[in-house]
Amino acid sequence: MRVRKIKKLGLFEKPTRIEFLENLSPHLGGPNIYMKRDDLIGEALGGNKVRKLEYLLADALSKNADVIITTGGPQSNHCRITAGICAKIGLKCVLVIGGAGKYEYEGNLMLDRIFGAEVIFSGTRDFDAIPAIMEKTAEEFRKKGQRPYIIPLGGANGIGALGYLEAYLEIQKQMKAAKIQFSSITIANGSGGTQAGLETGKLISGGDADIIGISVLFKKAKIAGIVFKDIYETLGVLGISGKKPGGINVFDEYIGKGYAIPTPLTLEAIKLMGRKEGIVLDPVYTGKAFGGLMDLIGKKKFSKKDNVLFIHTGGYPGMVNMRAEHVSAIVK
Ligand SMILES: Cc1ncc(COP(=O)(O)O)c(C=O)c1O
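Position numbers for residues count from 1 along each chain, tracking the sequence in the order it is written. Local features are withheld for residues below a pLDDT of 70 in this predicted model, meaning they are given only at 70 or higher, and side-chain atom pairs are given and counted only at 80 or more; totals for whole chains, interfaces and linings count all residues. Water and hydrogen atoms play no part in the side-chain values, which are based on all heavy atoms of the structure.

Below, the discussion takes up the overall build of the protein. The numbering of helices and of strands both runs from the N terminus, where a helix is a DSSP run of H or I of at least 4 residues and a strand a run of E of at least 2. Looking only at helices and strands, the protein features eleven helices and ten strands. Its C-alpha radius of gyration of 19 Å places the protein within 12% of the 20 Å reference for a compact globule of 332 residues. Categorising residues by exposure relies on relative accessible area from a 1.4 Å probe, with only protein chains included: less than 20% of the type maximum marks a residue as buried, more than 50% marks it as exposed, and the intermediate range marks it as partly exposed. Here the protein holds 332 residues, and 58% of them are scored as buried. For the protein, contacts bridging at least 24 residues in sequence account for 78% of all contacts bridging at least 6. Neither His nor the chain ends is counted toward charge; the positive residues are Lys and Arg and the negative residues Asp and Glu. Where a charge lies is defined by one atom per residue type: Lys uses NZ, Arg uses CZ, Asp uses CG and Glu uses CD. With 46 positive and 33 negative side-chain charges, the protein shows a separation of 3 Å between the mean positions of the two kinds. Between the two quantities, the radius of gyration covers C-alpha atoms and the globule rule is 2.2 Å times the number of residues to the power 0.38. The contact rule is simple, with two residues in contact once any of their heavy atoms fall within 4.5 Å.

Put into structure tokens, the structure is as follows:
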């Protein structure tokens, strides 16, 4: 498999474990639910972005970069993990933060500073305007004789997606070893890279599991376009031609009022996962995505015999998005 030949940083032990949710599955009365614990990847407090950054930062190092510039919202897990790994490997990290508010140094933003990143508040909510700001920042470093490397929002490109292509291959091996077949793999979809990686894995190595993305940010038409673009970029990085992605499954009906605003279903998912399994879901990504999966189970999208896999992609510092009214909705 060509992906094994591509350079990556070896930052954590693979495979991450898969466990059966033995209390929650019967409680929901649907399929057998399994969880892949990418939240337990330890690096920089972990989560899915570590997998992408293993490839992206190895690429940056191979190009002799000395400054990494990336972007995300004030509570971006991607920014926090980029800052943490840059600290470890000795690269300067500059974060161009999207959003127009006045932000406290709490949660991920506090961790960005602990990891020593330089934080630039862009002052704009328009993420389409941010690539130009990152480019301008890069130009300033170039003028000083430095070698900047820009990572896009969420690490979503053909190199970052290799992290979840590798995770897909890992899941296939785990299924074989445990003699179990997953009928679907569900993930939170933010910038699209995680889904693109899984889809590319399926495209090149086969398998029957449906990949289900629960969008937490973009409407279906926009995110589907981004995922397709990333799949083609990933195939390009691998030098594979002649493969065409089919349709992709993305649900955008669980976004609610917007990114990082938990819905009643999100809060119900956080509560049930906490009370039945002692596992924490965050209100921005995994809580919203698992809430979507619960809704699909309630709508009988799966049979009782199905084994369904949910990838827990981390995001614990995002708990700061839980406001008093969210907490009281859970504890009442
Ligand atoms: C905890 C968590 N889960 C899921 C995602 C979504 O991943 P992607 O941006 O690759 O769609 C993110 C992205 O920031 C994340 O931080």
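Residue proximity to a molecule or strand is established when one non-hydrogen atom of the residue lies within 4 Å of it. In the vicinity of the ligand lie 15 residues, with Lys52, Gly190, Ser191, Thr194 and Thr313 positioned nearest. A 3.5 Å cut-off defines polar contacts: any pair of N or O atoms within that distance qualifies, except that in protein one atom must be a possible hydrogen donor and the other a possible acceptor, and neighbouring residues in sequence count only when both atoms are side-chain atoms. A distance of 2.7 Å separates an oxygen atom of the ligand from a polar atom in the backbone of Gly190. Contacts to the ligand include Thr313, whose side-chain N or O atom sits 2.6 Å from a nitrogen atom. Looking at side-chain class alone, the shell around the ligand contains two nonpolar, eleven polar and two charged residues. Domain limits in this description derive from either an automatic procedure or a database domain assignment. Residues lining the shell around the ligand come from more than one domain, with at least three contributed by each of domain 1 (2–47 + 157–331) and domain 2 (49–155). Just so you know the grouping, Ala, Val, Leu, Ile, Met, Phe, Trp, Tyr, Cys and Pro go in nonpolar, Asp, Glu, Lys and Arg go in charged, and all remaining residues, Gly too, go in polar.

This part is about the domain arrangement of the protein. Domain boundaries assigned for the protein yield domain 1 (2–47 + 157–331) and domain 2 (49–155). Computed over C-alpha atoms only, the centres of domain 1 and domain 2 are separated by 24 Å. For the domain 1 and domain 2 pair, buried surface summed over both sides reaches about 2,800 Å², with 61% attributable to carbon and sulfur atoms. Here the quantity called buried area is the total loss of accessible area, with a 1.4 Å probe, experienced by two parts when brought into contact, counted for both. Counting the surface domain 1 buries against domain 2, the share from its top three residues, Leu9, Ala44 and Ile159, is 20%. Salt-bridge detection follows one rule: a side-chain nitrogen of Lys or Arg within 4 Å of a carboxyl oxygen of Asp or Glu. At the junction of domain 1 with domain 2, the criterion picks out five salt bridges. A salt bridge links Arg51 to Asp38; the nearest nitrogen and oxygen atoms lie 2.8 Å apart. On inspection of domain 1 and its partner domain 2, the count reaches twelve residue pairs in polar contact (both at pLDDT 80 or more). Looking at the side of domain 1 that touches domain 2, the elements that each hand over two or more residues are α6 (162–178) and α7 (193–205). Taken together, the residues of the side of domain 1 that touches domain 2 break down into 15 nonpolar, 13 polar and ten charged.

Moving on, we get to the sheet that holds strand β4 (residues 92–97). The criterion for strand pairing is that DSSP finds at least two bridges linking the strands in question. Judged by pairing direction, the sheet is parallel, and its four strands sit side by side in the order β5-β4-β3-β6 without closing on themselves. The sheet is open, and its two edges are formed by β5 (118–121) and β6 (148–150), each paired on a single side. Mean inter-strand twist for the sheet, computed between neighbouring axes without regard to direction, equals 25°. In the sheet, strand β3 (residues 67–72) pairs with β6 via three bridges, with the strands oriented parallel. Residue pairing for β6: Val67 is matched across the bridge by Pro148. To define axes, lines are fitted to C-alpha atoms, for helices over the stretch in contact only, and angles between the resulting N-to-C directions are given on a 0 to 180 degree scale. Packed on one face of the sheet, helix α4 (residues 107–114) meets β4 and β5 and runs near 135° to β5. Along the sheet, helix α5 (residues 130–143) contacts β3, β4, β5 and β6; its crossing angle with β3, the most-contacted strand, is approximately 165°.

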